[in-house]
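Summary of the model geometry
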Amino acid sequence: MPTSNWNHRFLEVGNGGFSGAPWIHFMAAAVRNGYATAATDTGHCSFPNVWSAV
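For the rest of this paragraph, the subject is the overall build of the protein. In terms of regular secondary structure, the protein is built from 1 helix and 2 strands. Ordered by position in the sequence, the α and β elements of the protein form the string β-α-β. Restricting the contact set of the protein to residue pairs at least 6 apart, pairs at least 24 apart contribute 66%. Summed over all atoms, the accessible surface of the protein reaches about 4000 Å², with 63% contributed by carbon and sulfur.

Written as structure tokens, this is what we have:
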């Protein structure tokens, strides 16, 4: 969450694919532009994604 220039908006960052790696660079850009932001890995590790090899 921005500490000084919050624009009172929230941006949820999607991950695509298996969602194992939140896109930190998008979140950093959003915070620099005044957004509070969040993402999740939905409980999955991006590598190795053995949970998907069923």
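Continuing now.
With that settled, the discussion passes to unusual backbone geometry. Despite not being glycine, His8 shows a phi value in the positive range, around 65°. Mapped onto the elements of the fold, His8 is located in the segment before β1 (10-12).

This next bit is on the confidence of the model for the protein. Of all residues in the protein, 70% attain a pLDDT of 70 or more, and the chain-wide mean is 78. The spread of mean pLDDT over the elements of the protein runs between helix α1 (residues 24-32), the lowest at 89, and strand β2 (residues 36-38), the highest at 92.

Reading guide: rules and limits
Residues numbered from 1 in each chain as written. Predicted model: local features only at pLDDT ≥ 70, side-chain atom pairs only at ≥ 80, totals over all residues. Heavy atoms only, no water. Helix = DSSP H or I, 4+ residues; strand = E, 2+ residues; numbered from the N terminus. Contact = heavy atoms within 4.5 Å. Areas by Shrake-Rupley, 256 points an atom, 1.4 Å probe, with all protein chains shown as cover. pLDDT = per-residue confidence, 0-100.

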